[in-house]
Amino acid sequence: MPDYKEIETITQLLGLVAEPGPIDHHVFQNIDFSDLADLASECTFTDCLFLGCVLPESFSQKLDKSNLIFPKLDAPFDIYRSYLYSANSLYSGFDPRDESTVENTYDRRVYRHYLQSGVVSKNIKETLSRYLHDHSMSNAIKDFLANYHERQIVGIMGGHDLLRTDPVYKQIVLLSKRLTEMGFIMVSGGGAGAMEATHLGAWLAQRSDSEVEDALDILCKSPSWQDKGWLSSAFHVLLKYRQTHFISLGIPTWLYGHEPATPFATHIAKFFDNSIREDTILSITRGGLIYTPGSAGTVQEIFQAAVPNHYQTYGYSSLMVFLGVDFWRNEMPVYRLLEHLVDTGKYKGLRISITDDIGEVLQTIKTFRPDKA
């Protein structure tokens, strides 16, 4: 069966209906057909999907049963969103001079609705709306990454409680900055701590050492995401060091909606279902995952990634790079366990390495990327 072609704008729709012949295997997302009803009525639509579209009755009545119409559902979020979020869309209405205004933003309104409806909702309409939204996010990620080689996508995992004043935070910033400058697309869980450092580094790509230090000085006045000024200081850096050349992808979740998503990610895919979100992060970062010190969540992600690498689910085993020798060998001795499992054949083909040197991490990631990427 051929893939469905997606139509997401009026311009795309105009180009499509202007061509002669039937229209089949197309998906129309959030398109208002009202002004084009007469023109579209002259076309024959077969096996098409209409997701949240505005369809005049005169037009919809002419669609045969091979077409599927998914109506808009009453929800405070865009169920059939065709593109990723950004800091501007999630935090629309936020004034960095008054951090209390975060409560008026789209992100907070959705989170309040999420809590009021129940984290585990019993309302089938609500759960359907969330799943359709998350499907839209997954599809938007696919479109976003379509122009990049899969081994260009690199993830950094680590603790959300990592302070901006911690030396490891700066280490992650510098590592992500350099990887971005080398042409990699950085991915994280899109929250605070190590995740924020990942996107800050990508945002500051090609900035000077003094500019990086200045950005860190601004941020370090509010070290924790729980401190007053955490979000405002991030926007202060964004405004002071504007850029349009480098991108990164943050993938947060409303399950942890009490923690703000980092605005340093240029593209944001926010999910309701954390299991889909976690699996998405692990499945798209084929260029390697870098594990920085973290706790339970990071450990869970390590073994989630180890399983598909063992089975080569995606055709090969990807990199698992551990940054922090003492932490991963002694404080949280996950690496010693992985070594044992690999040595005894319980896990096969894992590409694991451990270091304290970000230069070694850069070389490992660079070597794994094909020349054509």
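Calculation notes
- Residues numbered from 1 in each chain as written.
- Predicted model: local features only at pLDDT ≥ 70, side-chain atom pairs only at ≥ 80, totals over all residues.
- Heavy atoms only, no water.
- Patch = residues over 30% accessible without salt bridge, like charges linked within 9 Å, V, L, I, M, F, W, Y side chains within 5 Å.
- Areas by Shrake-Rupley, 256 points an atom, 1.4 Å probe, with all protein chains shown as cover.
- Salt bridge = Lys/Arg side-chain N within 4 Å of Asp/Glu carboxyl O.
- Helix = DSSP H or I, 4+ residues; strand = E, 2+ residues; numbered from the N terminus.
- Buried < 20%, exposed > 50% of the residue type's maximum accessible area, 1.4 Å probe, protein only.
- Phe/Tyr/Trp six-rings, centres within 6.5 Å; stacked < 30°, edge-to-face > 60°.
- Lys NZ or Arg CZ within 6 Å of the ring centre and 35° of its normal.
- Contact = heavy atoms within 4.5 Å.
- Expected span 1.5 Å × (residues − 1).

K.L.:
Just checking my understanding: could you explain a nonpolar patch on the surface for this structure?
P.N.:
A contiguous nonpolar patch, built from Leu115, Val119, Val120, Leu255 and Tyr256 and spanning about 440 Å² of accessible area, is present on the exposed surface. Within the element layout of this structure, Val119 appears in the loop between helix H5 (106-117) and helix H6 (124-145). We classify Val119 as partly exposed; its relative accessible area is 39%.

K.L.:
Help me understand the packing of aromatic side chains, please; the structure alone is not making it clear to me.
P.N.:
Two measures describe an aromatic ring pair: the distance that separates the ring centres and the angle between the ring planes. A complete count under the given rule lists 23 aromatic pairs for this structure. The rings of Phe77, Tyr85, Tyr106, Tyr111, Tyr114, Trp254 and Phe272 are connected pair by pair, giving a single aromatic cluster. Between the NZ or CZ atom of Arg151 and the centre of the ring of Tyr316, over which it lies, the distance is 4.2 Å. Over the aromatic face of Phe184 sits the side chain of Arg369, whose NZ or CZ is 4.3 Å from the ring centroid.

K.L.:
Looking at this structure, how should I read the side chain of Thr298?
P.N.:
Structurally, Thr298 can be placed in helix H12 (residues 296-311). The contacts of Thr298, once residues within four sequence positions are left out, are Met157, Gly158, Gly159, Tyr291, Thr292 and Trp328.

K.L.:
Would you explain the pattern of salt bridges in this entry?
P.N.:
Pairs can form between side chains of opposite charge once their charged atoms are near each other. One pass over the full model with this rule turns up 15 salt bridges. Note that Glu6 is salt-bridged to Lys142, the shortest N-O span being 3.9 Å. Of the two residues, Glu6 sits in strand S1 (residues 5-7) while Lys142 sits in helix H6, which places them 136 residues apart along the sequence. Note that Glu150 and Arg286 form a salt bridge whose closest N and O atoms lie 2.9 Å from each other. Placement of Glu150 in the loop between H6 and strand S7 (153-157) and of Arg286 in the loop between helix H11 (274-284) and strand S11 (289-291) is noted, with a sequence separation of 136 residues between them. Accessibility expressed as a relative area gives 34% for Glu150, which makes it partly exposed. Judged by its relative accessible area of 18%, Arg286 is buried. The network of salt bridges with shared partners includes Glu6, Lys142 and Asp143.

K.L.:
Looking at this structure, I do not really get H5. What am I missing?
P.N.:
Residue pairs three or four apart in sequence face the same way in an α-helix, which turns once every 3.6 residues. When the terminal C-alpha atoms of H5 are compared, their 16 Å separation across 12 residues agrees well with the 16 Å that a helix rising 1.5 Å per residue should span. The set of residues buried in H5 consists of Tyr106, Asp107, Arg108, Val110, Tyr111, His113 and Tyr114. Check the buried side of H5 and you find it contacts helix H4 (87-90) and H6. One or two positions beyond H5, positive phi appears at Gly118, with a value near 100°.

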